[in-house]
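Examination of the molecular architecture
If you want the building blocks of each chain, they are given just below.
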Amino acid sequence: MTTKAAPGATLDGFAAELVPSDRQGSGRKVFFIVAGSMCGLPAFILAARIFDALGFSAGLAAVGIGGAISGVLGACTAWAGSRTRMGLAMLVDAVLPPVGARAVKLIIALSAVGWFGVGISVLGETAAHALSRLTGVTVAPLAVAVPACLLIAAVTLRGTRGLERLGLVLIPATLAFLGLSTLLVLSRLGEATAAVATHTLSFGEAVSAVVGSYIVGIVIQPDYGRFVRRPMAAAGAAAAALGIVYPLVLTLSALASSVTHTPELISAMILLGFGVPALVILALGSGIDASASLYSGSLSLSNQLPRLPFAAVIIAATLVGLGLVLLGAETVFIPFLLVLGVSLPPLAIVMILATLTAGEAVAAPGRAARNAALAAWLAGSAVGFLTAHTAIALTSLPTLDSILAAVIVFSAARFVLKRG
């Protein structure tokens with residue numbers, strides 16, 4: 001049985017409707033969107049900072065653990081979206097009490113649009129510097145960032161189709177680019193593995209930053225998973241992208257920057273004489289990452305502003321992101337990741353647990369169950385922040401502590417509800 005789309009459900013929006021079964025397909029969409037959106041500049045910068053801070057062995061462990069956590073969470077949230085055919089905003093409405101749901105949707109929207117602004121700001125700064133080095137002409141960051149905002153808004157207006165097509169091009173191009181960068185420094189890999197750690201990040205902070213760098217994408221996976229017919233296919237696609245491709249991209253992108261002592265892979269490749277391919281990868285990777293963030297941030301806002309056309313919400317969110325660019329959002333890149341890395345994982349786990357325990361009544365839990373979910377998210381976030389500030393320590397990894405606390409509180413509350 002197919003579900004008729006509501007009149008306003010255009011551009012793959014379906015902000016307040018179940019995705020019709022005739023609009024669902026294979027898990028390929030999830031894989032290419034997720035894997036493509038992690039092939040951009042934020043990942044390259046993060047990888048360079050982690051391996052510089054921890055050294056090669058500890059850096060490898062941090063990205064491996066962070067990728068594993070991301071893969072498990074992403075698989076579960078994509079599964080939840082496919083199983084319910086609900087986007088994030090609808091799922092949050094079903095799981096949390098009204099006040100909590102509104103707060104979460106606003107937080108997700110601000111996080112996603114904020115990540116869009118940070119990504120474009122970082123793109124403008126890096127691309128302008130790269131163009132100046134390649135051409136000898138000074139290029140202002142805003143001369144790159146402003147047109148990039150407009151172009152990404154145009155891609156986002158095409159819905160998930162535009163994102164999937166970008167991913168189809170970007171993933172093989174990035175893998176080839178990473179292979180080339182590794183080949184160019186192959187004879188000097190000993191320098192990367194023997195580099196002395198600067199300890200500017202702790203191991204726990206590095207893991208939280210790895211998870212935090214894609215946690216918005218993990219939490220919004222229902223927005224893409226709902227378009228997949230089989231829940232396990234959606235889960236497998238997200239797990240493969242986050243658990244395998246993500247750590248691989250982080251590790252390979254850090255090698256050239258470690259050897260050349262540059263802040264990220266793009267600068268390393270310019271130094272090695274491959275500036276033009278570097279700029280192409282930079283543009284494509286930043287484009288899909290920012291577009292995915294803009295799409296889901298707009299979807300969350302559209303759910304709360306049902307009278308506005310989805311296209312109008314996308315344009316408004318683009319203007320907010322542009323404002324962040326003008327304010328210099330790239331200066332808060334790592335702190336932003338650390339905050340996301342402890343506040344959003346417990347939300348993801350609460351959505352997953354609520355979906356698993358609700359049976360067929362996903363959209364109709366009682367008030368007590370909704371309050372239990374809200375309490376679990378708030379407790380998980382609080383514990384994560386306390387661990388990050390060394391006030392307490394369960395596993396010494398803030399992200400894991402936030403997840404464990406949410407699971408414990410949620411499970412205890414459900415047990416009490418069943419007993420009552």
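Analysis parameters
Residues numbered from 1 in each chain as written. Predicted model: local features only at pLDDT ≥ 70, side-chain atom pairs only at ≥ 80, totals over all residues. Heavy atoms only, no water. Helix = DSSP H or I, 4+ residues; strand = E, 2+ residues; numbered from the N terminus. Buried < 20%, exposed > 50% of the residue type's maximum accessible area, 1.4 Å probe, protein only. Contact = heavy atoms within 4.5 Å. Areas by Shrake-Rupley, 256 points an atom, 1.4 Å probe, with all protein chains shown as cover. pLDDT = per-residue confidence, 0-100. Axes fitted to C-alpha atoms, helices over the stretch in contact; angles between N-to-C directions. Parallel < 35°, antiparallel > 145°, perpendicular 65-115°, else oblique. Left-handed = near helix turned anticlockwise from the far one by under 90°. Nonpolar A, V, L, I, M, F, W, Y, C, P; charged D, E, K, R; others polar. Expected span 1.5 Å × (residues − 1). Salt bridge = Lys/Arg side-chain N within 4 Å of Asp/Glu carboxyl O. Core = buried A, V, L, I, M, F, W, Y, C linked by side-chain atoms within 4.5 Å. Phe/Tyr/Trp six-rings, centres within 6.5 Å; stacked < 30°, edge-to-face > 60°.

**Observations concerning the overall build of the chain**
Scanning the chain for helices and strands turns up 18 helices and zero strands. Of all 420 residues assigned to the chain, the portion counted as buried reaches 57%. Considering only contacts within the chain whose residues lie at least 6 apart along the sequence, 84% involve residues at least 24 apart. Carbon together with sulfur atoms contributes 69% to the accessible area of the chain, which is approximately 16100 Å² in total.

**Some details on the confidence of the model for the chain**
For the chain, per-residue confidence averages 81 on the pLDDT scale, and residues scoring 70 or more make up 90% of the total. Below a pLDDT of 50 lies the segment residues 1-12, which in the model reaches 24 contacts outside its immediate sequence neighbourhood of four places, other chains included.

**Quick look at the packing of helix α4 (residues 88-95) against helix α16 (residues 345-357)**
At a minimum axis separation of 10 Å, α4 and α16 run at an interaxial angle of 65°. Of the possible angle classes, the one that applies to α4 and α16 is roughly perpendicular. Taken as a pair, α4 and α16 cross one another with a handedness that is left-handed. Within the contact between the two elements, α4 uses Leu88, Leu91, Val92 and Val95 and α16 uses Val350, Met351, Ala354 and Thr355. In terms of residue class, the contact of α4 with α16 is made up of seven nonpolar, one polar and no charged.

**Some details on α16**
Here α16 contains 13 residues, and its C-alpha end-to-end distance of 18 Å stays within 8% of the 18 Å for a straight helix at 1.5 Å per residue. Burial analysis of α16 places 11 of its 13 residues in the buried class, which makes it a mostly covered element. Turning to α16, its buried residues are Pro345, Pro346, Leu347, Ala348, Ile349, Val350, Met351, Ile352, Leu353, Ala354 and Thr355.

**Observations concerning α4**
Burial analysis of α4 places seven of its eight residues in the buried class, which makes it a mostly covered element. Along α4, the residues that are buried comprise Leu88, Ala89, Met90, Leu91, Val92, Ala94 and Val95.

**Structural notes on the pattern of salt bridges**
Summed over the entire model, instances satisfying the criterion amount to one salt bridge. In this structure, glutamate 191 engages arginine 188 in a salt bridge whose closest nitrogen and oxygen atoms are separated by 3.1 Å. When its relative accessible area of 35% is taken as the criterion, arginine 188 is described as partly exposed.

**Thoughts on the nonpolar core**
With 128 residues, the main nonpolar core has Ile50, Ile120 and Val219 as its most contacted residues. No other element matches helix α11 (residues 231-260), which puts 15 residues into this core. The residues contacting valine 219, other than those within four sequence positions of it, are Leu88, Ile108, Leu344, Leu347, Ala348 and Met351.

**A look at the packing of aromatic side chains**
Taken as a whole and assessed by the stated rule, the structure comprises five aromatic pairs. Summarising the aromatic geometry, the rings of tyrosine 214 and tyrosine 246 are spaced 6.4 Å apart at their centres and angled 55° between planes, so their arrangement reads as tilted. Remark: tyrosine 246 occurs in helix α11 and tyrosine 214 occurs in helix α9 (residues 203-219); sequence separation between them is 32 residues. For the residue pair tyrosine 214 and tyrosine 246, the accessibility class agrees, reading buried in each case.

**What to know about the packing of α16 against helix α17 (residues 367-388)**
It is the contact of α16 with α17, at a shortest axis distance of 8 Å, that shows an interaxial angle of 155°. The angle between the axes of α16 and α17 places the two elements in the roughly antiparallel class. The way α16 lies across α17 gives a crossing that is right-handed. Judged by residue contacts, Pro346, Leu347 and Val350 of α16 engage Ala373, Ala376, Trp377, Gly380 and Ser381 from α17. Here the residues of the contact of α16 with α17 are counted per class, giving six nonpolar, two polar and no charged.

**A closer look at unusual backbone geometry**
Unlike most non-glycine residues, histidine 199 shows phi in positive territory, near 60°. Its place among the elements puts histidine 199 in the loop between α8 (189-193) and α9.

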